[in-house]
Amino acid sequence: MLILAIESSCDETSAAVVKDGHEVLSNVIASQIEFHKKYGGIVPEVASRKHIEVINPIIKEALDQANVGFKDINAVAVTCGPGLVGSLLVGVCAAKAIAYSLNIPLIGVNHLEGHMYANFLIPQSPSPQFPFIALLVSGGHTMIVEAKDHGKYKVLGQTRDDAAGEAFDKVARFLKLGFPGGPVIDKLAREGNPKAVDFKRPMIEKEFHYDFSFSGIKTAVVNLVMRNTSCVMRVEDIVASFQQAVVDVLVEKTIKAAVNHNIKTVCLAGGVSANSLLRKQLKEAGEKEGLAVILPSLEYTTDNAAMIGCAGYYRLLNGKVADFSLRPSAILKL
Ligand code: KG4
Ligand code: ZN
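Our subject in this report is the structure included herewith.

Conventions and cut-offs
Per chain, residues are indexed from 1 in the order of the written sequence. Lettering of chains starts at A and numbering of ligands starts at 1, both following the order in which they are written. Confidence filtering applies because this is a predicted model: local features only for residues at pLDDT of at least 70, side-chain atom pairs given and counted only at 80 or more, and all residues used for totals across whole chains, interfaces and linings. Only heavy atoms go into the side-chain values, all of them from the structure, while hydrogens and water stay out. Going along the chain from the N terminus, every DSSP run of H or I of four or more residues is numbered as a helix, and every run of E of two or more is numbered as a strand. If a single non-hydrogen atom of a residue is within 4 Å of a molecule or strand, that residue counts as near it. Any pair of nitrogen or oxygen atoms within 3.5 Å is treated as a polar contact; in protein, a donor-acceptor pairing is required on top of that, and neighbouring residues in sequence qualify only through side-chain atoms on both sides. We get accessible surface area from the Shrake-Rupley algorithm with a probe of 1.4 Å; when it comes to residues, only the shown protein chains can shield them. For Na, K and Ca the donor cut-off is 3.2 Å; for every other metal, N, O and S atoms count as donors within 2.8 Å. Water does not enter the count, which can leave sites looking incomplete. Buried residues are those whose accessible area, probed at 1.4 Å on protein chains only, stays under 20% of the maximum for their type, while exposed residues exceed 50% and partly exposed ones sit between those limits. Here, any two strands with at least 2 DSSP bridges between them count as paired. Fitted lines through C-alpha atoms give the axes, limited to the stretch in contact for helices. The angle between two N-to-C directions lies from 0 to 180 degrees. What makes two residues a contact is simply this: any of their non-hydrogen atoms within 4.5 Å. To obtain the arc, one takes the directions from the helix axis to the C-beta atoms. To estimate the expected span of a helix, count its residues, drop one, and scale the result by 1.5 Å.

### With respect to unusual backbone geometry
Consideration 1: That bond from I122 to P123 is cis: its omega, 20 degrees, falls within 30 degrees of zero.
Consideration 2: Although it is not a glycine, N103 sits at a positive phi angle of roughly 55 degrees.
Consideration 3: Counting through the fold element by element, N103 comes out in the loop between α3 (85-102) and β5 (106-110).
Consideration 4: Positive phi, close to 55 degrees, is recorded for K176, a residue that is not glycine.
Consideration 5: Its place among the elements puts K176 in the loop between α5 (164-174) and α6 (181-189).

### Considerations on the site of ligand 1
Consideration 1: In the vicinity of ligand 1 there are 18 residues, among which H115, G139, D169, D186 and G271 approach most closely.
Consideration 2: One nitrogen or oxygen atom from the side chain of H111 is found 3.1 Å from an oxygen atom belonging to ligand 1.
Consideration 3: Contact between ligand 1 and G182: an oxygen atom at 3.0 Å from a main-chain N or O atom of the residue.
Consideration 4: Computed on the free molecule, ligand 1 has an accessible area of 550 Å², of which 89% lies beneath the protein chains in the complex.
Consideration 5: The set of elements that each furnish at least two residues to the shell around ligand 1 consists of α4 (111-117), α5 and α6.
Consideration 6: The greatest single-element share of the shell around ligand 1, amounting to four residues, is contributed by α6.

### Remarks on the coordination of the zinc ion (ligand 2)
Consideration 1: Here the zinc ion (ligand 2) is held by the protein donor atoms H111 (NE2), H115 (NE2) and D303 (OD), which lie 2.0 to 2.1 Å from it.
Consideration 2: Each donor residue of the zinc ion (ligand 2) belongs to the same chain, and together they define the spacing H-x3-H-x187-D. Of this pair, H111 and H115 both sit in helix α4, separated by four residues, roughly a single helical turn. The burial state of H111 is the same as that of H115; both residues are buried.

### Quick look at the sheet that holds strand β7 (residues 142-149)
Consideration 1: With respect to topology, five strands assemble into an open sheet ordered β8-β7-β6-β9-β10, the strand pairing being mixed. Here the strands that pair on one side only, and so sit at the sheet edges, are β8 (152-158) and β10 (292-294). Shown here is a sheet whose adjacent strand axes are inclined to one another by a mean of 25 degrees, direction ignored.
Consideration 2: One ladder, built from six bridges, connects β7 with β8; its direction is antiparallel. Opposite I144, over in β8, you have G157 as the bridge partner.

### Topic: the side chain of T301
Consideration 1: Topologically, T301 is positioned in the loop between β10 and α10 (306-317).
Consideration 2: A distance of 2.8 Å separates a polar side-chain atom of T301 from the backbone oxygen of L298.
Consideration 3: Among residues more than four places away in sequence, those in contact with T301 are H115, G270, G271, S273, A274, R279 and P296.

### Examining the environment of S215
Consideration 1: With respect to the helices, strands and loops of the structure, S215 is situated in helix α7 (residues 215-227).
Consideration 2: We classify S215 as partly exposed; its relative accessible area is 21%.
Consideration 3: For S215, the contacting residues outside a window of four places in its chain are D161 and D162.

### As for α6
Consideration 1: Within the sequence span of α6, burial applies to G181, G182, I185, D186 and A189. For α6, the angular spread of buried residues about the axis comes to 130 degrees, placing them on one side. In α6, the exposed residues that point more than 90 degrees away from the buried face are P183 and K187.
Consideration 2: Here the buried face of α6 lies against α5, α8 (235-260) and α9 (276-288).

### Details of α8
Consideration 1: In a regular helix each residue adds 1.5 Å, so 26 residues correspond to 38 Å; α8 covers 37 Å between its end C-alpha atoms and thus fits that length.
Consideration 2: Within α8, 21 of the 26 residues are buried, which leaves it mostly tucked inside the rest of the structure.
Consideration 3: One or two positions beyond α8, positive phi appears at N262, with a value near 55 degrees.

### Regarding the sheet that holds β5
Consideration 1: Strand order in this open sheet of five strands is β3-β2-β1-β4-β5, and the pairing throughout is mixed. Either end of the sheet is taken by a strand with one partner, and the two such strands are β3 (23-31) and β5. Pairwise comparison of adjacent strand axes, ignoring direction, gives a mean angle of 20 degrees for this sheet.
Consideration 2: Here strand β1 (residues 2-7) runs beside strand β4 (residues 75-81); their pairing, made up of four bridges, is parallel. Looking at β4, one finds that I3 is bridged to A75.
Consideration 3: Running at roughly 25 degrees to strand β2 (residues 12-19), helix α2 (residues 44-66) makes contact with β1, β2 and β3 of the sheet.

These figures come from the coordinates and say nothing about function on their own.
Here it is as structure tokens:
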């Protein structure tokens, strides 16, 4: 079973060929980051236009790298939300055209579900066993999900304001460290002291409560820097302390969710799952509680089509095929 997968929900245009749901034959990603950098964030209109320019060559490249042609493809999976609607539209239209012309199934995939399935791709082994708790942390979302089976998810908690990735991006922008902020802060924090500033860990104390709030930590960083204009503090120490506060909350709530629901497996997903401290701390804390902690392979942490191909495979197995009325949704729920 060969699935051609397409992802264009934000600022990456990606196409992949995935065999039998798990084996990635190709995963081509064109990042637009250079075009958005100068604005300090994603400009939706620019994003849609860039997707249109590269979508066809990227699909061709994915087929070429996998050494297959259109005739070999059995189904097309595409991200249909959530995301930027103009960006999503480009991928959805391309997928519809391919499915229609080849007369093969079209599968609409939720981007967040796709991130979770990054944990099912080879070389990840073993694949997560259901039920599991997923910590889904990206630029647009932060949630704890109870995954009961393929396609059966319950959101246990989510952010009430900024997503974790958004907080990294905003803090980095404020400190003029560049965009996207997550990877820069991750790197810089390695040279800093995470105990330099004791930022409040928001909502950490609530036992059966899995919501998050990150805008307060972001504001605390801003206030700290504004108050210390003759700042003697190193930026490395500030970002290390900020990152530590965010990671402490994410890890503690995820482990609590697993323990309180008597679930033995925890998975990490979304762009922020690339964060080195989060990966280390979640693994250590989970294993201390006797949990299996599954981390996605680094190459599948940020937006990519391979994860969409994997999620699409399981949707297809469960008969969840879309028709040509499939429309992108900016606010699609998990
Ligand atoms: O999943 P993703 O690629 O796009 C969305 O679906 O939003 O996530 C992008 C987010 C950005 O906010 C970026 O700063 C963050 O993931 N990110 C990281 C790291 N790498 C990417 N955050 C923290 N540490 C990282 N190493
Ligand atoms: Zn994403």
